Amino acid sequence: MGTGTSTTADPRVPGPTGPQLVRSLMELRRSPLSTFRRAQREYGDVVRLSAGLPGLRLKLYLVFSAEGAREVLATQAANFRKDNVMYEEIRHSFGNGLLTSQEDEYRRQRRLIQPLFTRRRVDGYADAACTQAESLAERWRDAPEGTVDLAEEMPAFALRTLCRVLFGADADAAVPVMSRCLPVLLDYTLERGNTPLTLPRHWPTPRNRRAAAAQRGLYELCDQIIAERRTGGAEAGAGSGAAARSADGGASADGTAGDDLLGLLTGASGENGDALGFEELRDQILIFLVAGHETTSTGLAMALYLLARHPEVQARAREEVDQVLGGRRPGAADLDALGYLTRVLKEAMRVQSPVPFISRRAVADTVVDGHRIPAGSDVMVCGAVTHYHPAYWQDPERFDPERFTPEGEASRPRYTWFPFGGGNRACIGQHFSMLESVLCLAVLLQRYELAPVGAGIPLGDTVTLKENGPIRCRLTPRTSAPAP
């Protein structure tokens, strides 16, 4: 496929019209995932929604196929930028860090941060992830009535691991702030990103004031992390987190620089040879605090709950853990041998995609999966729909880790499963997330048997697919569990 008006392109991208369009737009505000899945069934793999007054017209193209996702995210990515309303709102809320920056600024940031996420360096984070998982397992021994809420526990675990590995610090202060402030600011940002006409942020409406207070709380948390490093207050934390880092480096003695994320950023040079400004440093920290634990925690919560609901899968995964580890602590070298557990995690991230939609804006007329998308249009690649597409997945509602055997993965196109995005903007931390998650699952399965509490997973049907209530599991300690 090329760009421009190709003779192979269908200029009439299908989509609802008239009363069907009005209904679709109303349903889009209430339940986007359900609306998108119905759109794929009724209109195909590239669907157009267009409505509204001149100047406020919504022109949204939905892409559901693996080929379309590959073109938008990888082969024709230069024609699709993060210039849409959604990303502008994310920038206003969370700053211009690695998630939102573009072109030269993005490449500069990526080059700066990439050394932390080489496979060798990430493998060195395994001990830190296991330490946090073991602390979690030990704390669960005192769970009231032996029941835990995964929607609450797994974000705290992922955040603690992230803080230890990337900032060399404990997360005691971060967890309550993130729990209180992040949902408020995320909901506010996503609502504004999906609304054609919004009130200015500085108007003193109740919603604006709540969002501003949540943003201040997150900024203050980042400021605290920076201040502790600059004053040497995190020196003890950096020392205790040495196992979280590769053996070839560490924080300096005065705590002002190191080879974790904060150390790299504080030692970096800006465009004029000066140190990164305070706001830029804060933006990077905030983006990593937000994006660095969301996907991991959601994937872990779903994997644990699905294991609880499928005892035969749980038994097989536990058998593999026992055979591979023999009761010892897992490590990065065990990842390949824990193949079935890895397949469980991948299937959980297919069933409930942690990042269900990826948005872009077309900056040039482009042919995507045989359809012409005009410049200026908003485009949404819908992984949560592709992950259920009947052309790629047989009986997609069923939880089946065997879909992700090496043979199964090789039989499908590359972009049938992409919870970490794709192309040159793929998540920089995807190997870290997978390593951390598999090791955590292994530690917990060594110590507990899981059973579900409740009838299902209470997910809110929004663009983040976040839990809309508790996800409870009952724990039964194993008599053969490793000693704490």
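Preceding this section is the structure that the text describes.
**Some points on the packing of aromatic side chains**
Inference 1: Taken as a whole, this structure holds eight aromatic pairs when the rule is applied.
Inference 2: Between Phe 36 and Phe 357, the ring centres sit 5.1 Å apart and the planes meet at 85°, which makes this aromatic pair edge-to-face. Residue Phe 36 is located in helix α2 (residues 32–43), and its partner Phe 357 is located in strand β5 (residues 357–362); the two are separated by 321 residues in the primary sequence. The same class applies to Phe 36 and to Phe 357, which are both buried.
Inference 3: Consider the rings of Phe 117 and Phe 288, whose centres lie 6.1 Å apart with planes at 10°: the pair is stacked. One end of the pair, Phe 117, is in the loop between α5 (103–113) and α6 (119–123); the other, Phe 288, is in helix α13 (residues 278–309), with 171 residues separating them in the sequence.
Inference 4: Look at Phe 117 and you get buried, because its relative accessible area is 8%.
Inference 5: A network of ring pairs unites the aromatic residues Phe 117, Tyr 125, Phe 288 and Phe 432 as a single cluster.
Inference 6: The positively charged end of Arg 37 is found above the aromatic ring belonging to Tyr 388, 4.1 Å away from the centroid.
Inference 7: Its end group placed over the ring of Tyr 219, Arg 282 keeps NZ or CZ at 4.0 Å from the ring centre.

**Description of the sheet that holds strand β10 (residues 472–477)**
Inference 1: The strand order across the open sheet built from three strands is β4-β10-β9, with neighbouring strands paired in antiparallel fashion. Each edge of the open sheet carries a strand with a single partner, namely β4 (147–149) and β9 (448–453). In this sheet, neighbouring strand axes are inclined to one another by 35° on average, regardless of whether the strands run parallel or antiparallel.
Inference 2: One ladder, built from six bridges, connects β9 with β10; its direction is antiparallel. Bridging from a neighbouring strand, Ala 451 pairs with Arg 474 of β10.
Inference 3: Docked against the sheet, α13 engages β9 and β10, running at close to 85° with respect to β9.
Inference 4: Contacts from helix α18 (residues 430–447) reach β9 and β10, with the element oriented near 95° to β9.

**Some thoughts on the packing of helix α8 (residues 150–167) against α13**
Inference 1: Here α8 crosses α13 at 135°, and the two axes come no closer than 8 Å. The angle between α8 and α13 places the two elements in the oblique class. Two packed elements cross with a definite hand, and for α8 against α13 that hand is right-handed. Touching Leu 150, Met 154, Pro 155, Phe 157, Ala 158, Leu 159, Leu 162, Cys 163, Leu 166 and Phe 167 of α8 are Ile 285, Phe 288, Leu 289, Gly 292, His 293, Thr 296, Ser 297, Leu 300, Ala 301, Leu 304 and Tyr 305, all from α13.
Inference 2: Along the lines of polarity and charge, the residues of the contact of α8 with α13 split into 17 nonpolar, four polar and no charged.

**A look at helix α14 (residues 311–325)**
Inference 1: If you check α14, its first and last C-alpha atoms are 21 Å apart, about what 15 residues at 1.5 Å a residue would give, namely 21 Å.
Inference 2: Burial in α14 covers these residues: Val 313, Gln 314, Ala 317, Arg 318, Glu 320, Val 321 and Leu 325. Relative to the axis of α14, the buried residues are bounded by an arc of 155° and lie together on one face. Looking at α14, the residues exposed on the side facing more than 90 degrees away from the buried face are Pro 311, Glu 312 and Gln 323.
Inference 3: Packing partners of the buried residues in α14 comprise α13, α15 (339–351), α18 and β9.
Inference 4: Phi turns positive one or two residues past the end of α14, at Gly 326, with a value near 60°.

Reading the values: the criteria
Within each chain, residue numbers correspond to sequence positions counted from 1 in written order. For this predicted model, a pLDDT threshold of at least 70 governs which residues receive local features, and a threshold of 80 or more governs which side-chain atom pairs are given and counted, while totals over whole chains, interfaces and linings are taken from all residues. Hydrogens and water molecules were not included; the side-chain quantities draw on all heavy atoms of the structure. Centres within 6.5 Å are what make two rings of Phe, Tyr or Trp a pair, Trp counting through its six-membered ring; a difference in plane orientation under 30 degrees is then read as stacked, over 60 as edge-to-face, and the rest as tilted. Elements are defined by DSSP. Helices are runs of H or I of four residues or more, strands are runs of E of two residues or more, and each kind is numbered from the N terminus. Relative accessibility under 20% of the residue-type maximum defines a buried residue, over 50% an exposed one, and the middle range a partly exposed one, all with a 1.4 Å probe and only protein chains included. We call a charge positioned above a ring when the Lys NZ or Arg CZ atom is no farther than 6 Å from the ring centre and deviates by at most 35 degrees from the ring normal. Note on pairing: two strands pair once DSSP finds at least 2 bridges between them. Comment: axis = line fitted to C-alpha atoms, over the contacting stretch for helices; angle = value between 0 and 180 degrees taken between N-to-C directions. Working rule for contacts: check all heavy atoms of both residues, and any pair within 4.5 Å makes them a contact. Angular relationships are summarised with four words: roughly parallel below 35 degrees, roughly antiparallel beyond 145, roughly perpendicular across 65 to 115, and oblique for the angles in between. Handedness of a crossing follows from how the near helix is turned relative to the far one, being left-handed for an anticlockwise turn of less than a right angle and right-handed for a clockwise one. Gly counts as polar in this scheme, as do all residues outside two lists: the nonpolar Ala, Val, Leu, Ile, Met, Phe, Trp, Tyr, Cys and Pro, and the charged Asp, Glu, Lys and Arg. By definition here, a helix of n residues has an expected span of 1.5 Å times n minus one. This arc corresponds to the set of directions leading from the helix axis out to the C-beta atoms.

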